[in-house]
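Working through the structure, step by step
So you can see what is in the structure, the chains are spelled out below.
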Amino acid sequence: MADNSKITPEEALGYHIDPVPGKYEIVATKPMTTQRDLSLAYSPGVAVPVQAIADAPETAYDYTTKGNMVAVVSNGTAILGMGNLGALASKPVMEGKSVLFKRFADVNAIDIELDSEDPEDIIKAVKLMGPTFGGINLEDIKAPECFIIEQRLKEEMDIPVFHDDQHGTAVICAAGLINALHISGKKIEDCRIVLNGAGAAGIACLELIKAMGAKHDNCIACDTKGVIYQGRTEGMNQWKSAHAANTDARTLEDAMKDADVFLGVSVKGAVTPEMVASMADNPVIFAMANPDPEITPEEAHAIRPDAIVATGRSDYPNQVNNVLGFPYLFRGALDIHARAINDEMKIACAEALAELAREDVPDEVAMAYGKKLSFGRDYIIPTPFDPRLIYTIPPAVARAGMDTGVARRPIVDMDTYRHNLKARMDPTASVLSGIAARAKAAQARMIFAEGDDERVLRAAVSYQRSGYGKALVVGREADVKEKLEQAGLADAYRELEIVNAANTRHLEAYRSFLYQRLQRKGYDTHDIHRLATRDRHVFASLMLAHGHGDALVTGATRKSAHVLELINHVFDARAEDGAVGVTALLHKGKIVFIADTLVHEWPEPEDLATIAERAADVARSLGLEPRVAFLSFSTFGYPVSERATKMHMAPQVLDRRGVDFEYDGEMTVEVALNPAAMAKYPFCRLSGPANILVVPARHSASISVKLMQEMAGATVIGPILAGVDKPIQVCSTVSTVNDILNMALLAACEVG
């Protein structure tokens with residue numbers, strides 16, 4: 001859905017091409033290393049499941065990926081708001097849809113672009129692919145062909161066929177409408193409803209709300225030629241005719257008089273303030289045109305403060321976002337091996353979404369959006385990063401499917417099913433979105449210390465253009481300009497604020513401050529001048545110390561130990577000062593923090609306890625409840641080793657300090673992270689797998705992080721510098737543009 005962040009063509013293309021072209025890859029789920037593995041995976045071992053499926057076709061759901069595989073199919077005739085650009089051009093959108101399936105509901109999806117505008121070609125191709133998939137998601141196919149294709153495929157296939165442009169919008173619209181009418185005290189069967197935009201999504205919205213109880217005679221649909229009334233012949237088809245109203249109204253303006261509900265899937269500006277003024281008391285206005293709504297919430301509320309307004313945009317309250325629907329609809333349908341997704345399942349999805357919005361919102365959701373959310377006129381639809389969606393919506397969909405007889409394999413134990421769905425949750429995206437939301441709210445003036453590096457400049461431009469705050473770049477004007485031109489961002493030169501010793505008015509104050517700190521550490525005035533004017537890390541730190549920026553990100557061009565030494569000229573960021581480096585590893589939907597990865601070379605028990613406390617603070621700041629494991633090669637005293645003693649003693653230090661988070665040790669990595677291994681030690685004080693790993697020394701921390709990054713492909717955020725007076729984050733020299741931006745956002749989150 002639309003957003004108000006500014007994305008440049010260079011950023012968009014860079015995202016899609018780096019580090020490899022496209023947005024997903026295929027990963028094997030079984031070992032493929034030995035000859036025996038290959039024999040089991042292919043010939044001769046594969047013959048056994050082949051025969052099993054031939055004998056009992058339903059076992060394909062047990063022995064293959066069919067039961068968790070969806071085809072995202074398009075011919076590119078209605079791409080987003082861009083029109084008919086062809087099958088090949090639609091591929092980035094379909095890849096995007098595929099990864100949304102995976103991200104939000106752990107559904108494997110593959111994009112398939114069919115190069116034909118003939119409905120019969122599409123129908124035949126998709127039908128022939130039926131054995132491969134557990135469901136079909138049609139996307140960006142223009143009307144009326146989309147109606148023909150979907151209807152025929154639903155009739156001829158025995159797996160769910162779902163056109164998201166129609167039904168995805170309809171389901172979320174219906175969920176919002178349930179709650180809007182709940183707030184306004186109206187019943188759907190009594191409401192006069194006006195739809196503007198009689199395309200695929202509009203018709204689907206009307207059909208679903210009628211299935212929920214709206215009366216045909218109370219619903220008026222409009223298109224570009226006005227009201228769709230009984231007897232109209234111009235621009236009609238069988239799908240519009242089904243919703244023709246017996247009315248004297250001929251224009252949208254006529255239809256809006258005394259209407260209770262407006263549903264818009266049309267174009268910007270289609271609704272005027274005068275139309276809104278003519279509506280009934282407590283009007284419900286769903287202006288869902290993208291990227292710009294039929295009327296903005298500000299315009300609507302200026303005329304009607306009693307209106308409840310929803311749009312398709314993420315920068316307004318009440319976003320009608322399809323990602324709230326299609327992943328969870330398919331999750332529930334796949335898990336019962338459904339033959340179809342019917343109206344009852346769609347209504348169950350809408351009702352579950354509506355009910356979820358009325359419940360108390362968890363703190364992690366509020367943190368992700370930077371504000372407290374509670375049911376009301378500005379919160380009638382759940383937010384996409386609500387972690388409850390995955391275990392709330394699919395069970396409702398599955399139950400409706402079972403009740404209506406489309407389930408091949410009903411779920412017997414719904415509580416266990418919900419528990420298994422929770423295990424599919426991916427906390428990483430919600431954590432990152434929370435960081436981004438808090439950074440945007442902080443609007444920090446971010447100091448980027450290394451303005452001679454293209455990655456840093458790209459990150460600075462992205463930071464500012466994405467609306468997070470002001471980017472202050474330390475560097476020479478000519479160098480910055482040249483680097484921006486080389487990066488294809490020449491226009492950004494006038495947007496960024498470039499700062500250096502030559503153009504600042506504060507150099508004398510900086511030198512005086514630095515001399516006071518270093519005069520008894522062997523530095524004379526010449527040394528101080530050289531540091532303040534020639535070293536960008538020191539200069540940037542001085543800017544931060546004097547309040548000429550709110551936060552600092554550096555380290556992309558020099559080793560972190562060297563950068564930290566320079567920062568210590570200005571700040572107290574040493575081990576003895578309580579500073580700690582915490583690195584977050586994001587891998588396969590899990591987040592683990594490793595500490596200390598930056599400051600302490602060989603920490604003693606008291607240091608290890610401090611490291612644990614700082615890491616716990618970082619975890620909580622990201623919305624996670626800390627569980628700390630002190631790692632060693634021994635577990636709770638065995639094997640006995642002098643090297644493990646300090647890891648055994650560190651929890652005792654925390655016992656004395658009386659901290660309020662879970663911790664235990666010493667233990668090996670598998671005990672800390674594997675529930676089965678941990679269960680062998682029933683006295684372990686951790687209630688579940690650890691999410692903070694405190695390691696014996698910085699070298700072991702560094703090895704662990706780099707091994708996970710290189711061998712497992714983990715995403716690394718950090719080291720996050722904690723325990724320093726000002727928000728400072730130190731990148732690594734191998735940081736990508738996105739890594740640097742993430743570190744800047746982390747720094748911004750600390751700005752109070």
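Residues numbered from 1 in each chain as written. Predicted model: local features only at pLDDT ≥ 70, side-chain atom pairs only at ≥ 80, totals over all residues. Heavy atoms only, no water.

1. Topic: the overall build of the protein
Across its full length, the protein holds 31 helices and 21 strands. Its C-alpha atoms give the protein a radius of gyration of 29 Å, near enough to 27 Å, the size a compact globule of 752 residues would have. Dimensions of the protein, computed from C-alpha atoms along their principal axes, come out at roughly 95 × 65 × 45 Å. In the protein, the proportion of contacts linking residues at least 24 apart, taken out of those at least 6 apart, comes to 70%. In the form shown here, the protein has an accessible surface area of approximately 33,100 Å², with 52% of it arising from carbon and sulfur atoms. (Helix = DSSP H or I, 4+ residues; strand = E, 2+ residues; numbered from the N terminus. Rg over C-alpha atoms; globule rule 2.2 N^0.38 Å. Contact = heavy atoms within 4.5 Å. Areas by Shrake-Rupley, 256 points an atom, 1.4 Å probe, with all protein chains shown as cover.)

2. Re the sheet that holds strand 5 (residues 193–196)
Reading across the sheet, the 6 strands line up as 7-6-5-8-9-10 and stay open at both edges, with mixed pairing between neighbours. Since the sheet does not close on itself, it has two edges, and those belong to strand 7 (226–227) and strand 10 (308–311), each with one partner. Strand direction decides the pairing type here: strand 5 and strand 8 (residues 261–264), joined by 4 bridges, are parallel. Opposite Ile193, over in strand 8, you have Val261 as the bridge partner. Against the sheet, helix 8 (residues 164–184) touches strand 8, strand 9 (284–287) and strand 10, its axis set at about 160° to strand 9. Across the sheet, helix 9 (residues 200–211) lies against strand 5, strand 6 (219–223) and strand 8, angled at about 160° from strand 5, the strand it touches most. (Pairing = 2+ DSSP bridges. Axes fitted to C-alpha atoms, helices over the stretch in contact; angles between N-to-C directions.)

3. Things to note about the packing of helix 5 (residues 91–105) against helix 14 (residues 326–335)
Contact pair helix 5 / helix 14: the axes reach a minimum separation of 9 Å and the direction vectors enclose 70°. What the angle tells us is that helix 5 and helix 14 run roughly perpendicular. In this structure, helix 5 meets helix 14 at a crossing whose hand is right-handed. Contacts from Lys97, Leu100, Phe101, Phe104 and Ala105 of helix 5 reach helix 14 at Phe326, Pro327, Tyr328, Phe330 and Arg331. The residue makeup of the contact of helix 5 with helix 14, split by class, is 8 nonpolar, no polar and 2 charged. (Parallel < 35°, antiparallel > 145°, perpendicular 65-115°, else oblique. Left-handed = near helix turned anticlockwise from the far one by under 90°. Nonpolar A, V, L, I, M, F, W, Y, C, P; charged D, E, K, R; others polar.)

4. Description of the packing of helix 26 (residues 605–621) against helix 27 (residues 645–657)
At a minimum axis separation of 8 Å, helix 26 and helix 27 run at an interaxial angle of 65°. Crossing handedness for the pair helix 26 and helix 27: right-handed. Across the interface between the two elements, Pro605, Glu606, Leu608, Ala609, Thr610, Ala612 and Glu613 of helix 26 pack against Lys646, Met647, Met649, Ala650, Val653, Leu654, Arg656 and Arg657 of helix 27. Residues belonging to the contact of helix 26 with helix 27 are distributed by class as follows: 9 nonpolar, 1 polar and 5 charged.

5. Some words on the nonpolar core
One broad trend across soluble globular proteins is that nonpolar side chains are buried collectively. In this structure, Val126, Ile136, Leu263, Phe286, Met345 and Leu353 are the most contacted members of the largest nonpolar core, which totals 99 residues. Per-domain counts for this core show at least three residues from each of domain 1 (9–30 + 65–159) and domain 2 (185–321). One finds Leu496, Ala612, Val694 and Met743 within the second-largest nonpolar core, a separate group that totals 66 residues. (Core = buried A, V, L, I, M, F, W, Y, C linked by side-chain atoms within 4.5 Å. Buried < 20%, exposed > 50% of the residue type's maximum accessible area, 1.4 Å probe, protein only. Domains from an automatic or database assignment.)

6. Let's talk about the UniProt feature "active site" (unreviewed entry) in the protein
Here the UniProt feature "active site" (unreviewed entry) sits at Lys97. Relative to the helices and strands, Lys97 is located in helix 5. For Lys97, a relative accessible area of 7% corresponds to the buried category. In this structure, Lys97 is in contact with Val72, Asn137, Glu139, Asp164 and Phe326, ignoring residues within four places of it in sequence. (UniProt positions renumbered as here; feature names shortened; annotations may be inferred.)

7. Here's the deal with the pairing of strand 17 (residues 627–631)
Most of strand 17 is tucked away: 4 of the 5 residues are buried. As paired strands, strand 17 and strand 18 (residues 662–667) are joined by 5 bridges and run parallel to one another. Bridging across to strand 18, Ala629 finds its partner in Asp664. Here strand 17 pairs with strand 19 (residues 692–694) via 3 bridges, running parallel. Directly across from Ala629, in strand 19, lies its bridge partner Leu693.

8. Describing the sheet that holds strand 3 (residues 135–138)
Taken in spatial order, the 4 strands of this open sheet run 2-1-3-4, and their pairing is parallel. The open sheet has two edge strands, strand 2 (108–113) and strand 4 (161–163), and neither has a second partner. Sheet twist, expressed as the mean angle between neighbouring strand axes with direction ignored, is 25°. Bridge count between strand 1 (residues 69–74) and strand 2: 6 bridges; the pairing is parallel. Bridging from a neighbouring strand, Met69 pairs with Asn108 of strand 2.

9. Section: the pattern of salt bridges
On inspection of all chains with the given rule, the structure shows 42 salt bridges. When the shortest N-O distance is used, the salt bridge between Asp62 and Arg409 registers 2.8 Å. Note that Asp62 is positioned in helix 4 (residues 60–63) and Arg409 in the loop between helix 17 (389–403) and helix 18 (414–423), a separation of 347 residues in sequence. For Asp62, a relative accessible area of 42% translates into the label partly exposed. Across the pair Lys142 and Glu145 runs a salt bridge whose closest N-O atoms are separated by 2.6 Å. Judged by its relative accessible area of 27%, Lys142 is partly exposed. What makes Glu145 buried here is its relative accessible area of 17%. Residues joined by salt bridges that share partners form a network here, namely Lys91, Glu95, Asp111 and Glu113. (Salt bridge = Lys/Arg side-chain N within 4 Å of Asp/Glu carboxyl O.)

10. With respect to the domain arrangement of the protein
In terms of domains, the protein is made up of domain 1 (9–30 + 65–159), domain 2 (185–321), domain 3 (440–569) and domain 4 (579–720). For domain 1 versus domain 3, the distance between C-alpha centres works out to 46 Å.

11. Remarks on the packing of aromatic side chains
By the definition in use, this model includes 12 aromatic pairs. Measuring from centroid to centroid gives 4.8 Å for Phe101 and Phe326, while their planes differ by 65°, and the two rings are edge-to-face. Separated by 225 residues along the polypeptide, Phe101 in helix 5 and Phe326 in helix 14 bring together distant segments of the chain. A single burial state applies to Phe101 and to Phe326, both of which are buried. Among the aromatic side chains, those forming a connected cluster through ring pairs are Phe101, Phe162, Phe326 and Phe330. Over the ring of Phe104 we find Arg103; its NZ or CZ atom is 4.5 Å from the centre of that ring. (Phe/Tyr/Trp six-rings, centres within 6.5 Å; stacked < 30°, edge-to-face > 60°. Lys NZ or Arg CZ within 6 Å of the ring centre and 35° of its normal.)

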